[in-house]
Amino acid sequence: MRPKVIKGGRFEDHRGSISFVNDFNFSDIERFYIISNSQEYPLRAWQGHKLDAKNFYCLSGSFKIHFIKIDNWENPSKDLIIETIFVSESDSKIVHIPAGYANAIESLEENSKLMSFSTLPLINISQDDVRYPLDYWSIHNE
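Treat the numbers as computed from the prediction; the structure is a model and nothing was measured. (Residues numbered from 1 in each chain as written. Predicted model: local features only at pLDDT ≥ 70, side-chain atom pairs only at ≥ 80, totals over all residues. Heavy atoms only, no water.)

Q: So what about the sheet that holds strand E7 (residues 62-69)? Which residues, and what values?
A: Taking strand neighbours across the sheet as the criterion, the five strands line up as E8-E7-E10-E5-E12 in an open arrangement whose pairing is antiparallel. In this open sheet, the two strands that pair with only one neighbour each are strand E8 (83-88) and strand E12 (129-131). Each strand axis lies, on average, 25 degrees off the axis of its neighbour in the sheet, ignoring direction. Strand direction decides the pairing type here: strand E5 (residues 43-49) and E12, joined by three bridges, are antiparallel. Bridge pairing links Gln-47 to Arg-131 in E12. (Pairing = 2+ DSSP bridges. Helix = DSSP H or I, 4+ residues; strand = E, 2+ residues; numbered from the N terminus. Axes fitted to C-alpha atoms, helices over the stretch in contact; angles between N-to-C directions.)

Written as structure tokens, this is what we have:
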């Protein structure tokens, strides 16, 4: 399975606005987190998931979600291709990163908030979570 964007929409009228992603299915979601990186450390990297799929939705501000398909969990290649998807509070989309990837979350504005929906029960997290040093793969910003 490959990462994908699940598009939503936004409705506005005199009462305000409603953002939605009606094509997102919550049946596999076990828990959620709200990520807010500090201004001093805007990059949270690299966290891999052998079993857990991640789904990200931007609540405020903007982020770059970087991800890499892991080739070897114990000693991944340093030459893996980093893919990136931009999300912002004006988007109404969910970025789905399937199991088998490592991700890095980069906030682009102060006070940005990203919601992360996880598919793996908390009791199984010790079998899943693999962390790599921040500089294991270099993110080149354009």
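That was the structure; now back to the text.
Q: Let's hear about the pairing of strand E3 (residues 16-20): which residues, and what values?
A: When strand E2 (residues 9-13) meets E3, the two strands line up antiparallel, connected through five bridges. Of the residues in E3, the one forming a bridge with Gly-9 is Phe-20.

Q: If you had to explain the pairing of strand E6 (residues 54-60) to someone new, which residues and values would you point to?
A: Most of E6 sits inside the fold, with six of its seven residues counted as buried. Where E6 lies against strand E9 (residues 93-97), three bridges are found, and the strand directions are antiparallel. By the bridge assignment, Asn-55 is partnered in E9 with His-96. Relative to strand E11 (residues 113-118), E6 runs antiparallel, the two sharing six bridges. Within the sheet, the bridge partner assigned to Phe-56 lies in E11 and is Ser-116. (Buried < 20%, exposed > 50% of the residue type's maximum accessible area, 1.4 Å probe, protein only.)

Q: Please give an account of the sheet that holds E9 that cites residues and values.
A: To summarise the sheet geometry, strands pair through backbone hydrogen bonds and adopt either a parallel or an antiparallel arrangement. The five strands are arranged E1-E9-E6-E11-E4 in an open sheet whose pairing can be described as antiparallel. The sheet terminates laterally at strand E1 (4-7) and strand E4 (31-35), the two strands that pair on one side only. Strand-to-strand twist in this sheet, taken as the mean axis angle between neighbours without regard to direction, amounts to 25 degrees.

Q: Pulling in residues and values, what's your account of a nonpolar patch on the surface?
A: A contiguous nonpolar surface patch, about 280 Å² in accessible area, is contributed by Phe-11, Ile-18 and Phe-20. Within the secondary structure, Ile-18 sits in strand E3. Residue Ile-18 is classed as exposed on the basis of its relative accessible area, which comes to 52%. (Patch = residues over 30% accessible without salt bridge, like charges linked within 9 Å, V, L, I, M, F, W, Y side chains within 5 Å. Areas by Shrake-Rupley, 256 points an atom, 1.4 Å probe, with all protein chains shown as cover. Salt bridge = Lys/Arg side-chain N within 4 Å of Asp/Glu carboxyl O.)

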